[in-house]
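These are the residues of each chain, in order.
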Amino acid sequence: MEEKKKLVISLRGMVGPDFEFHLSGGEPLMTQGVLDLVNFIADEGYKTNMVTNGFLIDEKMARDIMDSRLGSITISLDGMNPQTHDYIRGVKGSHERVMKAIEYMDRFKRDKGPKISILTVIMERNLDEILQLVEHVQNDKRLEMISFQAINQPFCEEIDREWFKEDKSRSLWPQDTRKAGSIMERLRELRLSRYKIGNHHNHFLHFREYFKDPNAFLKKIKCNLGDYEFHVDPYGKMFFCCLTEPFGNIKNDNISEIWDSEKTNKIRQDVYDCLRNCHIMVNCFYEDEPCGV
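The following refers to the structure shown.

Analysis parameters
- Residues numbered from 1 in each chain as written.
- Predicted model: local features only at pLDDT ≥ 70, side-chain atom pairs only at ≥ 80, totals over all residues.
- Heavy atoms only, no water.
- Helix = DSSP H or I, 4+ residues; strand = E, 2+ residues; numbered from the N terminus.
- Rg over C-alpha atoms; globule rule 2.2 N^0.38 Å.
- Buried < 20%, exposed > 50% of the residue type's maximum accessible area, 1.4 Å probe, protein only.
- Contact = heavy atoms within 4.5 Å.
- Areas by Shrake-Rupley, 256 points an atom, 1.4 Å probe, with all protein chains shown as cover.
- Lys, Arg positive; Asp, Glu negative; His and termini not counted.
- Charge placed at Lys NZ, Arg CZ, Asp CG, Glu CD.
- Phe/Tyr/Trp six-rings, centres within 6.5 Å; stacked < 30°, edge-to-face > 60°.
- Lys NZ or Arg CZ within 6 Å of the ring centre and 35° of its normal.
- Pairing = 2+ DSSP bridges.
- Right-handed = clockwise from strand over helix to strand, strands pointing away.
- 1 Å grid on protein atoms, 1.4 Å probe; cavity = no way out; pocket = protein on both sides within 12 Å on 5 of 7 lines; lining within 4 Å.
- Points joined across faces, edges and corners; volume = space filled by probe spheres on them.
- Axes fitted to C-alpha atoms, helices over the stretch in contact; angles between N-to-C directions.
- Expected span 1.5 Å × (residues − 1).
- Polar contact = N/O pair within 3.5 Å; in protein donor to acceptor, adjacent residues only side chain to side chain.

**Section: the overall build of the protein**
Now for step 1: The secondary structure content of the protein amounts to ten helices and eight strands.
Now for step 2: Expected size for 293 residues packed as a compact globule is a radius of gyration near 19 Å; at 20 Å, the protein falls within 12% of this value.
Now for step 3: Split into buried and exposed, the 293 residues of the protein put 45% on the buried side.
Now for step 4: Residue pairs in contact within the protein that sit at least 24 positions apart in sequence constitute 68% of those at least 6 positions apart.
Now for step 5: Carbon and sulfur atoms form 47% of the exposed surface of the protein, whose accessible area is close to 15800 Å².
Now for step 6: Separation of charge centres in the protein, based on 42 positive and 48 negative side chains, amounts to 3 Å.

Here it is as structure tokens:
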């Protein structure tokens, strides 16, 4: 934890008060002292968001979260139907734990407590429940918004352009592209109607094209990872992108000293020059201009 605090301190003078730390996983609530880190980050003047599966949020944890200075908390919810969410998460009772987590956090809500949002990954298994989820969030005053990501190849696997055609991916990849496209268009309409949806409205048009053919979709977009964000893995390694080598480690390096180093700039240029049409980009960067309209 001291290494993480050291990283936060090293950003002094490099970033402004709008800089935001995203605490995600694995599961951040498994990290001892994570809420102390949240308060430390707040003391330094920065924002925080936590992404969690909600499984560990019992009454005590909910009270601790709401008493912390966390800016917002995003809970993964992948289906309105408990069986759908539990199947995707692989643990029976996961859906119930999410619903209880929201209930507990609302019970201990403070005037300046963290806002609660939902994150859903769009896939074959939950495709028929996506619009139900939107309506649920829209009508639930406890929830700030719902955001969506499109399913892509699972992390830590060797990149395979045909991964979505494999038998093991049938429960992940939408099989009816016309139906998927229709749902994406409806999500765009709802977003334009000021529904509580976090994505830009044109993001759903890119999702639509991605579900038609992920290998023909994204290459016109320039990846600008490296301009304003970086990621830290569980071992302390700092990356612009998981497909490039690390540019440092928070255990040994001071970010202010290496941010513009020769090595870091070379890796940053490798990101700019990357010609891979990686599926990850569908959830990272997209154009605000309409796609395929």
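Text resumes after the structure shown.
**Let's talk about the packing of aromatic side chains**
Now for step 1: For the structure on display, the rule yields 16 aromatic pairs.
Now for step 2: Relative to Tyr-46, the ring of Phe-21 lies with its centre 5.8 Å away and its plane at 45°, an arrangement referred to as tilted. Here Tyr-46 lies in the loop between α2 (34-43) and β2 (47-52) and Phe-21 lies in strand β1 (residues 20-23), a separation of 25 residues in the sequence.
Now for step 3: Look at Phe-21 and you get buried, because its relative accessible area is 12%.
Now for step 4: Assessed through its relative accessible area of 9%, Tyr-46 is described here as buried.
Now for step 5: A centroid spacing of 5.6 Å and a plane angle of 75° characterise the contact between Phe-240 and Trp-259, whose relative ring orientation is edge-to-face. Taken as a pair, Phe-240 in the loop between β7 (237-239) and β8 (248-249) and Trp-259 in the loop between α9 (255-258) and α10 (262-273) lie far apart in primary sequence, 19 residues in all.
Now for step 6: One aromatic cluster is present, built from ring pairs that chain together Trp-163, Phe-164, Trp-173, Tyr-210 and Phe-211.
Now for step 7: Lying over the aromatic face of Phe-55, Arg-97 brings its terminal NZ or CZ to 4.2 Å of the ring centre.
Now for step 8: The positively charged end of Arg-268 is found above the aromatic ring belonging to Trp-259, 4.8 Å away from the centroid.

**With respect to the sheet that holds β8**
Now for step 1: The three strands are arranged β6-β7-β8 in an open sheet whose pairing can be described as antiparallel. The sheet is open, and its two borders are formed by β6 (231-232) and β8, each paired with just one other strand.
Now for step 2: Direction of pairing for β7 relative to β8: antiparallel, over a ladder of two bridges. By the bridge assignment for β8, Met-238 is matched with Gly-248.

**With respect to the pairing of β1**
Now for step 1: Along β1, the buried face is formed by Phe-21 and Leu-23; none of Glu-20 and His-22, which line the opposite face, is buried.
Now for step 2: Strand direction decides the pairing type here: β1 and β2, joined by four bridges, are parallel. By the bridge assignment for β2, His-22 is matched with Asn-49.
Now for step 3: Crossover connection from β1 via α2 to parallel β2: handedness right-handed.

**A few points about the environment of Ile-73**
Now for step 1: Secondary-structure assignment places Ile-73 in strand β3 (residues 72-76).
Now for step 2: On the basis of relative accessibility, which here comes to 0%, the residue Ile-73 falls in the buried class.
Now for step 3: Considering only alpha carbons, one finds Ile-73 and Gly-45, 28 residues apart in sequence, at a separation of 18 Å.

**Some thoughts on empty space enclosed by the protein**
One way to see where empty space is left: roll a probe the size of a water molecule over the atoms.
Now for step 1: Across all of its chains, the model carries one cavity of 30 Å³ or more by this definition.
Now for step 2: Taken as a whole, the largest cavity holds about 80 Å³ of empty space.
Now for step 3: Cys-223, Cys-241, Leu-243, Val-271 and Cys-274 are the residues nearest the centre of the largest cavity, which is lined by ten residues in total.

**Points about the sheet that holds β2**
Now for step 1: An order of β1-β2-β3-β4-β5 is seen for the five strands of this open sheet, with the pairing classed as parallel. Here the strands that pair on one side only, and so sit at the sheet edges, are β1 and β5 (146-150). Each strand axis lies, on average, 25° off the axis of its neighbour in the sheet, ignoring direction.
Now for step 2: Here helix α6 (residues 130-139) sits on the sheet in contact with β4 (115-122) and β5, set at roughly 160° to β5.

**Considerations on helix α7 (residues 177-192)**
Now for step 1: If you check α7, its first and last C-alpha atoms are 23 Å apart, about what 16 residues at 1.5 Å a residue would give, namely 22 Å.
Now for step 2: Inspection of α7 places Ala-180, Gly-181, Ile-183, Met-184, Leu-187 and Leu-190 among the buried residues, and these make up the whole buried set.
Now for step 3: Looking at the buried residues of α7, the elements they touch are β4, α6, β5 and α8 (203-212).
Now for step 4: Where α7 begins, the side chain of Asp-176 points an oxygen toward the backbone nitrogen of Arg-178, at a separation of 3.2 Å.
Now for step 5: Just beyond α7, the residue with positive phi is Arg-194, at close to 70°.

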